[in-house]
Amino acid sequence: MHYVIHCLDHEGAVDTRLANYDDHKAYLASAPVKTVISGPLLADDEETMIGSCFVLEADSLAEVEDFNRNDPFAKVGLWKTVSIRPFSKRVDNR
């Protein structure tokens, strides 16, 4: 099953994001779920990072929630909001 995680950072948290970026990337590389696609959400200036978006492949919602809870960004309190939803992928034009 696929899942989408949509996270928005606290205001002015770019420094926190950058300070924990290497740990976050290492975590993604070793995570027990498959990352289909992920990356930062950007402000209207199309440069400033303001959140995160993940499309994951996993066996259960609980597995995705555990993945998210253990992300270094979550552990340092970067995200103000987190939404996790099952996702029905219909089109993939890669």
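Residues numbered from 1 in each chain as written. Predicted model: local features only at pLDDT ≥ 70, side-chain atom pairs only at ≥ 80, totals over all residues. Heavy atoms only, no water.

Caption draft 1: Spotlight on the pattern of salt bridges. By the definition in use, this model includes three salt bridges. In this structure, the salt-bridge partner of Asp9 is Arg17, at a minimum N-O distance of 2.9 Å. Residue classification places Asp9 among the buried positions, given a relative accessible area of 8%. Here Asp92 makes a salt bridge to Lys89, at a shortest N to O gap of 3.3 Å. Classification of Asp92 by relative accessible area gives partly exposed; the value is 35%. (Salt bridge = Lys/Arg side-chain N within 4 Å of Asp/Glu carboxyl O. Buried < 20%, exposed > 50% of the residue type's maximum accessible area, 1.4 Å probe, protein only.)

Caption draft 2: Expanded view of the environment of Pro72. Among the secondary structure elements, Pro72 is positioned in helix α4 (residues 72-75). You can call Pro72 buried: its relative accessible area is 15%. Taking the C-alpha atoms as reference, Pro72 lies 30 Å from Arg94; in sequence the two are 22 residues apart. Leaving out residues up to four positions away in the same chain, Pro72 has contacts with Asp23, His24 and Tyr27. (Helix = DSSP H or I, 4+ residues; strand = E, 2+ residues; numbered from the N terminus. Contact = heavy atoms within 4.5 Å.)

Caption draft 3: Expanded view of the nonpolar core. Counting residues in each nonpolar core, the largest one holds 17 residues, and the members touching the most others are Ile5, Phe54, Leu56, Val64, Phe67 and Trp79. At the level of secondary structure, the elements contributing two or more residues to this core comprise β1 (2-9), α2 (21-30), β3 (49-57), α3 (61-69) and β4 (79-87). Top element by residues in this core is β1. It accounts for three residues. Residue contacts for Phe67: discarding those within four places in its chain leaves Ile5, Tyr27, Leu28, Ala31, Val33 and Leu56. (Core = buried A, V, L, I, M, F, W, Y, C linked by side-chain atoms within 4.5 Å.)

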